[in-house]
Amino acid sequence: MILNGEKTSQSMLMYVIRFCLPSNDHTLKKTLLIFWECVPKTDSNGKLLHEMILVCDAYRKDLQHPNEFVRGSTLRFLCKLREPELLEPLMPAIRACLEHRHSYVRRNAVCAIFTIYKNFEFLIPDAPELVTEYLETEQDASCKRNAFMMLLHVDQARALDYLSGCIDQVGSFGDILQLVIVELIYKVCHNNPNECARFIRCVYNLLQSQSPAVRYEAAGTLVTLTNAPAAVKAAASAYIELIVKESDNNVKLIVLDRLVQLRNTSSNEKVLQGLVMDILRVLTSPGLEVRKKTLNLALDLVSSRNVEDMVMFLKKEINKTATETNDENGKYRQALVKTLHTATIKFPDVASSIVPVLMEFLSDTNETAAQYVIQFVREAVHKLPNLKSAILASLREGIPFIQSPNIFMSALWILGTYCDAEGSLEVLRLIKTSLGDLPIVDSELAEQDEPKQEEVEQKKVPSGPKVTADGTYATQTALSTTVVSKKNEKPPLRRFLLNGEFFLGASLATVLTKLAQQFSELNGAGSERSNRFRAECMLILASIIHLAKSGLISHQVNEDDLDRMGAVIKIIAQGIPGLDEQYGDACKKSLELMLSSKSISRLDANDKLTNSGSARSKDFVDIDKTINFTQLLAKNNQQGENLYDSSLSQALGTAPKDTKFDFSSSKLGKVIQLAGFSDPIYAEAYVNVNQYDIVLDVLIVNQTSDTLQNVSLELATVGDLKLVDKPTPVTLAPNDFSNIKATVKVASTENGVIFSTISYDVRGSTSDRNCVYLQDIKIDIMDYIVPGNVTDTEFRQMWSDFEWENKVNVMTPIRDLREFLNHLSTSTNMKVLTGDAAIEGECGFLAANLCAHSIFGEDALANVSVEKALPMDDASPIVGHIRIRAKSQGMCLTLGDKLSSAMRSRRDGQPIAAPSA
């Protein structure tokens with residue numbers, strides 16, 4: 001009642017003092033401690049109430065109580081008192097508690113002395129000396145920790161003197177005391193770097209502590225105090241051991257982030273390069289995110305000295321994943337293949353050992369992993385000419401076992417583009433083998449007419465002993481026959497064509513054209529061998545066209561594919577001058593341009609991550625940055641930011657947030673007026689949006705001259721919002737005010753609305769309960785969305801997996817295509833994945849992909865396809881549509897609404913003016 005605003009009278013205090021305070025019941029005593037903490041202890045003039053003298057005497061007796069629980073709880077209560085008049089008579093009893101037999105009392109006595117000395121130093125001016133003497137004789141770990149913590153905050157010199165006297169025994173201390181010692185060493189060395197040499201050995205010893213928390217803090221302190229290679233290596237090794245031995249994946253990710261931060265400086269990176277194999281031990285963890293982050297870190301740190309060892313380790317990991325087929329294991333296999341691909345391009349010397357391992361994944365049922373392999377093969381053949389023959393030979397051996405038509409098509413294209421003239425005949429034989437008997441239609445019809453061959457398999461099945469009629473045993477055997485149907489497995493290319501994959505036939509036509517050109521150059525344009533080769537190519541294409549028109553295929557064939565194959569037959573038969581240059585050199589030049597564009601885009605992405613602080617920062621500084629010379633700094637000048645203070649401020653929510661990923665704007669910008677100034681109760685709310693919940697801090701003001709009782713804030717939510725607890729009713733005096741807090745849990749990314757009312761009773765009134773209806777509070781989806789980043793392959797895979805799609809037509813006053821795209825990206829927090837090289841220039845058309853992540857782990861994709869209604873007119877409107885895909889329906893619809901509202905506003909956020917009549 002007191003917390004809700006009820007006023008207490010002196011008569012009630014006397015009743016509590018007379019009947020409750022003398023009680024010996026422990027539960028009642030604990031309740032009384034809460035009561036005396038909340039009750040006002042001064043009158044309207046700020047003077048201490050006379051009744052408090054009786055309370056003070058009662059608690060003096062409790063400090064001398066024989067029960068340790070009563071003493072300890074009373075000491076904890078004294079830590080919260082802010083009236084020195086009450087504390088002064090109790091000081092002798094508090095001092096005496098330092099010598100109590102029970103550690104619970106001594107521990108709380110130290111906390112009470114610490115709080116009293118910090119708030120009212122005149123009450124116990126000799127507290128540092130008293131606690132220092134107590135610390136010398138204390139044996140309990142928790143009591144020593146509290147005493148040392150007090151010296152750390154009030155008298156660091158005495159704390160350092162104590163630490164210097166027992167620095168060789170720090171390893172035998174408890175973990176709670178070791179953590180405080182690490183904090184003391186950090187703060188002392190942070191303020192005075194000259195003290196680092198004095199305590200650096202102690203921090204080294206704490207790296208061997210039995211407590212993971214102590215090792216983690218000691219490693220962070222060590223790399224903060226010194227950049228010596230030995231210190232960096234010791235701290236990194238401690239981090240790696242923590243990651244390997246810790247079972248919680250969240251802890252693993254946090255410690256991995258610390259390792260990534262160690263990589264920021266070039267000097268630390270050289271040290272960490274020698275620990276790559278130790279870092280790869282983290283791959284034994286089952287978490288996919290941990291494995292991906294570990295692979296990225298190892299790939300950034302690997303050098304020519306240990307790349308072979310890393311490749312051998314990753315080969316073993318790939319072999320381990322070959323026997324498991326779950327979804328997470330398939331994604332891990334993709335990450336391993338991608339890492340090997342990048343390592344091969346980065347260090348071409350190890351390509352010869354990686355190629356046989358990756359080629360096995362061409363037949364993998366996981367198409368994404370096979371896609372990474374075929375991209376690696378294409379890039380390796382182009383950039384590593386010394387390995388071209390070995391790679392092409394491995395590709396010819398593995399192509400019959402490929403399971404995906406897209407991978408098969410890419411493999412054929414690589415063989416047709418990069419094989420030499422002498423290998424053209426071998427590639428043609430491989431294609432004919434993959435097609436089977438020609439013509440395809442005749443062989444398929446003949447196969448359907450043939451009766452099914454059946455094999456009879458006989459098995460001799462022994463049975464157990466049988467008992468005859470005369471009681472003797474006899475052994476019985478039986479001959480069982482099984483009819484086994486014999487099914488002929490179709491070659492891969494024929495199987496794909498029968499399944500309707502005729503785009504593969506169009507791609508095959510291009511390959512056959514290249515092969516025919518190369519073979520003709522080797523054997524002469526009009527020779528018999530050249531003509532026979534061209535005839536074989538035309539027979540293959542004609543057979544595929546006949547299959548497409550025969551009716552054996554249930555799928556509808558694209559006319560463009562048929563036209564492409566028919567045109568290629570004419571080209572092979574008649575020939576076109578200059579075609580070999582277009583199919584040969586020009587094709588390779590286009591591939592080279594594409595690969596170089598991809599490498600540039602990867603570098604640009606890394607630079608953007610570097611500038612945002614999420615990746616390795618180069619040794620570049622601003623031209624006007626201050627240069628700090630350690631030798632010229634004053635001793636009391638602090639270097640950089642205190643990590644302990646910043647961590648505490650982050651935990652308390654007082655740390656400044658990064659504006660880029662700030663889920664809420666300024667505090668004043670989030671204040672919403674809920675009621676009018678003429679209402680009996682005025683209300684306004686500050687909406688604090690956290691990651692997984694929304695905290696409403698509602699200020700209510702009684703604008704009447706009556707006392708309002710049972711003032712209740714009623715909340716109702718629409719959307720995926722859930723009220724955690726119902727706000728407690730309060731009582732408001734005339735013209736009084738109060739704050740009511742409510743927490744709303746957010747479960748998914750979609751817009752929500754919070755409806756609210758305030759109901760109350762007027763004291764002395766006989767009327768019904770009154771009610772004030774408040775303004776709705778709308779929760780914006782943009783508070784939970786941050787820009788995302790995925791590769792093109794991942795985008796296509798996610799686009800096909802997501803089942804919800806929302807199509808939004810474009811209507812906007814913006815006339816520039818690129819400006820419109822930037823406006824959409826800024827308004828929706830979605831990142832443009834399409835590179836600048838692909839969307840630069842003015843052609844009257846623009847297509848781009850966008851991606852965003854939510855803090856709940858959801859992804860949203862968008863494809864923008866827009867054009868100018870009149871390409872030659874700059875003032876013509878933009879037409880087109882935007883397609884949004886997401887896994888959940890709410891996110892898909894909400895993003896569509898956000899895009900629609902963004903298109904209806906200008907770049908400055910103002911709505912579009914209505915057109916004049």
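Structure's up top.
Let me sum up the structure you'll find in this document. (Residues numbered from 1 in each chain as written. Predicted model: local features only at pLDDT ≥ 70, side-chain atom pairs only at ≥ 80, totals over all residues. Heavy atoms only, no water.)

Okay, the packing of helix α25 (residues 424–435) against helix α29 (residues 528–550) next. Close contact between α25 and α29 brings their axes to 12 Å; oriented N to C, the two are set at 30°. One way to sum up the angle between α25 and α29 is to call them roughly parallel. Every pair of crossing elements has a handedness; the one defined by α25 and α29 is left-handed. On α29, the residues that touch Ser424, Leu425, Leu428, Ile431, Lys432 and Leu435 of α25 are Arg529, Phe533, Glu536, Cys537 and Ile540. (Axes fitted to C-alpha atoms, helices over the stretch in contact; angles between N-to-C directions. Helix = DSSP H or I, 4+ residues; strand = E, 2+ residues; numbered from the N terminus. Parallel < 35°, antiparallel > 145°, perpendicular 65-115°, else oblique. Left-handed = near helix turned anticlockwise from the far one by under 90°. Contact = heavy atoms within 4.5 Å.)

Taken as a whole, this structure holds 16 salt bridges when the rule is applied. The partner of Asp57 in a salt bridge is Lys61, and the shortest N-O contact between them spans 3.7 Å. Note that Asp57 and Lys61 are positioned in helix α3 (residues 51–62) at a spacing of 4 residues, about one turn of the helix. On the accessibility criterion, Asp57 (32% relative accessible area) is partly exposed. (Salt bridge = Lys/Arg side-chain N within 4 Å of Asp/Glu carboxyl O. Buried < 20%, exposed > 50% of the residue type's maximum accessible area, 1.4 Å probe, protein only.)

Okay, the packing of helix α12 (residues 196–206) against helix α13 (residues 212–225) next. Running from N to C, α12 and α13 cross one another at 150°; their axes reach a closest spacing of 9 Å. Here α12 lies roughly antiparallel to α13, going by the angle between them. Note on packing geometry: the crossing formed by α12 with α13 is left-handed. In contact with Cys196, Ile200, Val203, Tyr204 and Leu206 of α12, α13 contributes Val214, Arg215, Ala218, Leu222 and Leu225. Class assignment for the residues of the contact of α12 with α13 results in 9 nonpolar, no polar and 1 charged. (Nonpolar A, V, L, I, M, F, W, Y, C, P; charged D, E, K, R; others polar.)

Our focus in this paragraph is the nonpolar core. Trp36, Ile94, Phe148 and Ile431 are the most contacted members of the largest nonpolar core, which has 190 residues in total. Setting aside chain neighbours within four positions, we find Trp36 in contact with Leu13, Val16, Ile17, Leu21, Lys41, Met52, Val55, Tyr59 and Phe77. Core analysis: the second largest hydrophobic core is formed by 32 residues, Ala675, Leu715, Ile740 and Tyr760 among them. (Core = buried A, V, L, I, M, F, W, Y, C linked by side-chain atoms within 4.5 Å.)

Before going further, it helps to spend a moment on the side chain of Thr812. Relative to the elements of secondary structure, Thr812 occurs in the loop between β14 (804–809) and α35 (817–828). Overall, Thr812 belongs to the buried group, its relative accessible area being 10%. A distance of 3.2 Å separates a polar side-chain atom of Thr812 from the backbone nitrogen of Ile814. Setting aside anything within four residues of it in sequence, one finds Thr812 in contact with Phe820, Ile878 and Met903. (Polar contact = N/O pair within 3.5 Å; in protein donor to acceptor, adjacent residues only side chain to side chain.)

Time to look at a negative patch on the surface. Together, Asp816, Glu842, Asp873 and Asp874 line one region of the surface with negative charge. Relative to the helices and strands, Asp816 is located in the loop between β14 and α35. (Patch = residues over 30% accessible without salt bridge, like charges linked within 9 Å, V, L, I, M, F, W, Y side chains within 5 Å. Areas by Shrake-Rupley, 256 points an atom, 1.4 Å probe, with all protein chains shown as cover. Lys, Arg positive; Asp, Glu negative; His and termini not counted. Charge placed at Lys NZ, Arg CZ, Asp CG, Glu CD.)

The next subject is the packing of aromatic side chains. According to the stated counting rule, one finds 7 aromatic pairs in the structure shown. Consider the rings of Phe408 and Phe496, whose centres lie 5.6 Å apart with planes at 70°: the pair is edge-to-face. Of the two residues, Phe408 is situated in helix α24 (residues 405–418) and Phe496 in helix α27 (residues 492–498); the sequence distance between them amounts to 88 residues. Judged by relative accessible area, which is 1%, Phe408 ranks as buried. Plain terms: the ring middles of Phe677 and Tyr682 are 5.1 Å apart, the flat faces sit at 10° to each other, and that makes the pair stacked. Residue classification places Phe677 among the exposed residues on the basis of a relative accessible area of 61%. Sitting over the ring of Tyr204, Arg201 keeps its end group 5.1 Å from the ring centre. Looking at Arg291, its charged tip hangs above the ring of Tyr332, at a distance of 4.0 Å from the centre. (Phe/Tyr/Trp six-rings, centres within 6.5 Å; stacked < 30°, edge-to-face > 60°. Lys NZ or Arg CZ within 6 Å of the ring centre and 35° of its normal.)

These figures capture arrangement, not role.
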